Amino acid sequence: MQVRRSMMDAQRTGDYTDAIKTLDRAMKQMPGNRDLEMMRFKMLIGPAADPEGYEIGWKLFKANRDDAMMLNEIAWYVLDDASVGDRDLVFAMAVAKAANEAAGGNDAAILDTLARAYFEQGDVDTAIKYQEKAVEKADGPMADQLRKVLEMYRDAASKRPV
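1. Quick word on the overall build of the protein chain
Counting its secondary structure elements, the protein chain contains nine helices and zero strands. Beginning at the N terminus, the succession of helices and strands in the protein chain can be written as α-α-α-α-α-α-α-α-α. For the protein chain, the C-alpha atoms occupy an extent of roughly 50 × 30 × 30 Å along the three principal directions. Taking all 162 residues of the protein chain together, 43% fall into the buried category. Residue pairs in contact within the protein chain that sit at least 24 positions apart in sequence constitute 50% of those at least 6 positions apart. Taking the average location of the 23 positive side-chain charges in the protein chain and that of its 28 negative ones, the two points are 2 Å from each other.

Here's what the structure looks like:
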């Protein structure tokens, strides 16, 4: 509760110093707590704009290489969250690839994240390839959303200089 309260105060005031200290104390009391580590990672690379957050991200990545969902969450946060000003696309790509490998290439959401990583790095053709796979694996409203993204990628490809 104290961590959540501190996070809410930080979001309200824009001062993340106390929230980081609170998280550090909580992490000392509960070493290895992935939720706290994820909060610190997200806070640092996001609203706190502290590049040290990527050091935490690399540690999370290395310690959780087989956790496809966690890796996907990390990569998607880097690629998509509006609070992240400095997007480390090399990091996001490494994590997205590992997430896809851990999922056996069969998870639509993870394929979507991997496609986004390629797109953000300017490899639109590979982005389209993975987004097509994501659409194939998805159903219902998710498939509709992924098709819209695929069309956006195809549109970007059609507007490239020849």
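2. Regarding the packing of aromatic side chains
Where two aromatic rings form a pair, the distance of their centres and the angle of their planes describe that pair. A complete count under the given rule lists eight aromatic pairs for this structure. In this structure an aromatic cluster arises from ring pairing among F41, Y54, W58, F61, Y77 and F91.

3. Side note on the packing of helix α3 (residues 34–45) against helix α5 (residues 68–80)
Look at α3 against α5: their axes get within 11 Å of each other, and the N-to-C directions meet at 15°. Viewed along their axes, α3 and α5 adopt a mutual orientation that is roughly parallel. The handedness of the crossing between α3 and α5 is right-handed. Where α3 abuts α5, its residues R34, M38, F41, K42 and I45 lie against M70, E73, I74, Y77 and V78. Of the residues belonging to the contact of α3 with α5, the class tally is seven nonpolar, no polar and three charged.

4. Remarks on helix α7 (residues 108–120)
For an α-helix, the turn length of 3.6 residues means that residues three or four places apart are oriented alike. Taking 1.5 Å per residue as the helical rise, α7 with its 13 residues ought to reach 18 Å, and the 18 Å between its terminal C-alpha atoms agrees with that figure. When you tally the buried positions in α7, you get eleven out of 13 residues, the bulk of the element. By the burial criterion, the buried members of α7 are A108, I110, L111, D112, T113, L114, A115, R116, A117, Y118 and F119. Residues of α7 that are buried make contact with α5, α6 (89–102), α8 (124–137) and α9 (140–158).

5. Here we look at unusual backbone geometry
In this structure, A49 is a non-glycine residue whose phi angle is positive, near 50°. Within the secondary structure, A49 sits in the loop between α3 and α4 (52–63).

6. Side note on the packing of helix α2 (residues 17–29) against α3
At a minimum axis distance of 10 Å, the contact between α2 and α3 shows a crossing angle of 160°. By the angle class used here, α2 and α3 are roughly antiparallel. The handedness of the crossing between α2 and α3 is left-handed. Counting all contacts with α2, which are made through A19, I20, L23, D24, A26 and M27, the residues of α3 involved are L36, E37, M39, R40, M43 and L44.

Cut-offs used in this document
Residues numbered from 1 in each chain as written. Predicted model: local features only at pLDDT ≥ 70, side-chain atom pairs only at ≥ 80, totals over all residues. Heavy atoms only, no water. Helix = DSSP H or I, 4+ residues; strand = E, 2+ residues; numbered from the N terminus. Buried < 20%, exposed > 50% of the residue type's maximum accessible area, 1.4 Å probe, protein only. Contact = heavy atoms within 4.5 Å. Lys, Arg positive; Asp, Glu negative; His and termini not counted. Charge placed at Lys NZ, Arg CZ, Asp CG, Glu CD. Phe/Tyr/Trp six-rings, centres within 6.5 Å; stacked < 30°, edge-to-face > 60°. Axes fitted to C-alpha atoms, helices over the stretch in contact; angles between N-to-C directions. Parallel < 35°, antiparallel > 145°, perpendicular 65-115°, else oblique. Left-handed = near helix turned anticlockwise from the far one by under 90°. Nonpolar A, V, L, I, M, F, W, Y, C, P; charged D, E, K, R; others polar. Expected span 1.5 Å × (residues − 1).

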